[in-house]
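Here is what each chain is made of, one letter per residue.
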Amino acid sequence: MIKKSIAEYNILKLKNGELKNERDALICEAALIIFVNGKKIANLSCSSDSLKELAVGFLQSKGIINRKEDIKDIKVDKNRKEVYITKENMCSSLYNNTNCSKKIESCTNVDIKKVLALGKKINNMSKLFMLTGGAHSCALCSWDKVILFKEDIGRRNAIYKVLGKALLKGVNLENKIIFTTGRVSSDIVESIARMRIPILISRSAPTNKAVDIARKINLVLVGFVRGD
């Protein structure tokens, strides 16, 4: 899987003040097109793995699908990088945000030591990032283990892949944690809130709007989880 996601290039590298010719691993970028009931819904720049999960997670985060049962059929054309999803009752309004403003009631206490331990565990799992420096990671976790893990060139895409896989596998999201390596903006908080996931942890920074929404809906938001 990792070999298919990277390409090697000849580069000039500055090291100790000296330019040297070296081979370097670059992360591969693909262009995914998502169709729902024959209608083109989105173009995403992404890594070329887990396209089905990425499409499902994207559509779920936008409220186009809400349950696994909403999906009648999924076809993936890996060569053309296209995903075709058939669903019933296509909404006239594609983007439905009704669930994002509801308060999250089920929230567990945050153990700082466990937060830091999760951060270190996910850093060690981020193989594409370690090889290329060009990937974001996302994990669905409990306090004790990483349940699902994905990487992508896009921080949102990595989240969509995890959420899509969770939906397709029927994973119970109650009292789970999303750990992301990317910046947390308001749309990411809204995507997590839609899934009723009570805790969102990031290696990076949140925006002010992300914090405002998290406080309003009672979502625990933890930023800058790196090192100690």
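Scroll up a little and you will see the structure.
In every chain, residue numbers begin from 1 and rise along the written sequence. In view of the model being predicted, local features appear only for residues whose pLDDT reaches at least 70, and side-chain atom pairs are presented and counted only at 80 or more, with totals across whole chains, interfaces and linings using the full set of residues. Computation of side-chain values covers all heavy atoms of the structure but excludes hydrogens and water.

Trainee: Could you give an account of the packing of aromatic side chains, with specific residues and numbers?
Mentor: Each Phe, Tyr or Trp ring, with Trp reduced to its six-membered ring, pairs with another whose centre is within 6.5 Å; inter-plane angles below 30 degrees give stacked pairs, above 60 give edge-to-face pairs, and intermediate values give tilted ones. Counted by the stated rule, this structure contains two aromatic pairs. With a centroid separation of 4.9 Å and 10° between ring planes, the pair formed by Phe35 and Tyr84 is classed as stacked. Of the two residues, Phe35 is situated in strand 3 (residues 30-36) and Tyr84 in strand 6 (residues 82-87); the sequence distance between them amounts to 49 residues. According to the relative accessible area criterion, Phe35 is buried, its value standing at 14%. The class of Tyr84 is partly exposed, set by a relative accessible area of 33%. Consider the rings of Phe58 and Tyr160, whose centres lie 5.5 Å apart with planes at 85°: the pair is edge-to-face. Secondary structure elements are defined from DSSP: runs of H or I of at least 4 residues count as helices, runs of E of at least 2 residues count as strands, and each element is numbered from the N terminus. Burial here depends on accessible area, computed with a 1.4 Å probe over protein chains only, as a share of the maximum for the residue type. Under 20% is buried, over 50% is exposed, and the range in between is partly exposed.

Trainee: Which residues make up helix 1 (residues 51-61), and what values go with them?
Mentor: An α-helical segment advances 3.6 residues per turn. Residues three or four places apart therefore align on the same side. Burial runs high along helix 1: 10 of the 11 residues are buried. Within the span of helix 1, buried status applies to Leu51, Glu53, Leu54, Ala55, Val56, Gly57, Phe58, Leu59, Gln60 and Ser61. Taken together, the buried residues of helix 1 touch strand 3, strand 4 (39-46), strand 5 (71-77), strand 6, helix 4 (155-169) and helix 5 (186-194). We call two residues contacting when some pair of their heavy atoms lies within 4.5 Å.

Trainee: Could you give me a rundown of the sheet that holds strand 10 (residues 199-202), with the residues and numbers involved?
Mentor: Note: two strands are recorded as paired if DSSP finds a minimum of 2 bridges between them. The strand order 8-7-9-10-11 describes an open sheet built from five strands, whose pairing is mixed. Of all strands in the sheet, those with a lone pairing partner are strand 8 (146-152) and strand 11 (220-222), marking the two edges. Taken pair by pair, the neighbouring strands of this sheet meet at an average axis angle of 15°, ignoring direction. Across four bridges, the pairing between strand 7 (residues 136-141) and strand 9 (residues 177-180) is antiparallel. Here an axis means a line fitted to C-alpha atoms, over the contact stretch when the element is a helix, while the angle between two N-to-C directions is reported on a 0 to 180 degree scale.

Trainee: Go over helix 5, please, and point to the residues and values.
Mentor: Judged by how many residues are buried, helix 5 sits mostly within the fold: seven of nine residues are covered. When helix 5 is considered as a whole, its buried residues turn out to be Ser186, Ile188, Val189, Ser191, Ile192, Ala193 and Arg194. One or two residues past the end of helix 5 sits Arg196, with phi positive at roughly 65°.

Trainee: Talk me through the side chain of Asn157; I want residue IDs and the actual numbers.
Mentor: Examined against the element boundaries, Asn157 turns out to sit in helix 4. On the basis of relative accessible area, Asn157 is assigned to the buried category, the value being 6%. Excluding residues that lie within four positions of it along the chain, Asn157 makes contacts with Leu44, Ser45, Cys46, Leu54 and Asp152.

Trainee: With reference to specific residues and values, describe the nonpolar core.
Mentor: In terms of nonpolar packing, the biggest core is built from 24 residues, with Leu140, Ile178, Val189, Ile192, Ile197 and Leu200 touching the most fellow members. If you list the elements that add at least two residues to this core, you get strand 7, helix 4, helix 5 and helix 6 (208-217). A total of five residues in this core trace back to one element, the largest contributor, which is helix 4. Apart from residues no more than four positions distant in its own chain, Val189 is found in contact with Val184, Leu200, Ala210, Ile213, Ala214 and Ile217. Residues enter a nonpolar core if they are buried and are Ala, Val, Leu, Ile, Met, Phe, Trp, Tyr or Cys, with the set joined through side-chain atoms within 4.5 Å. Counting 22 residues, the second largest nonpolar core, distinct from the first, contains Cys46, Leu51, Ile64 and Tyr160.

Note that all results are geometric; they support no functional claim without further evidence.
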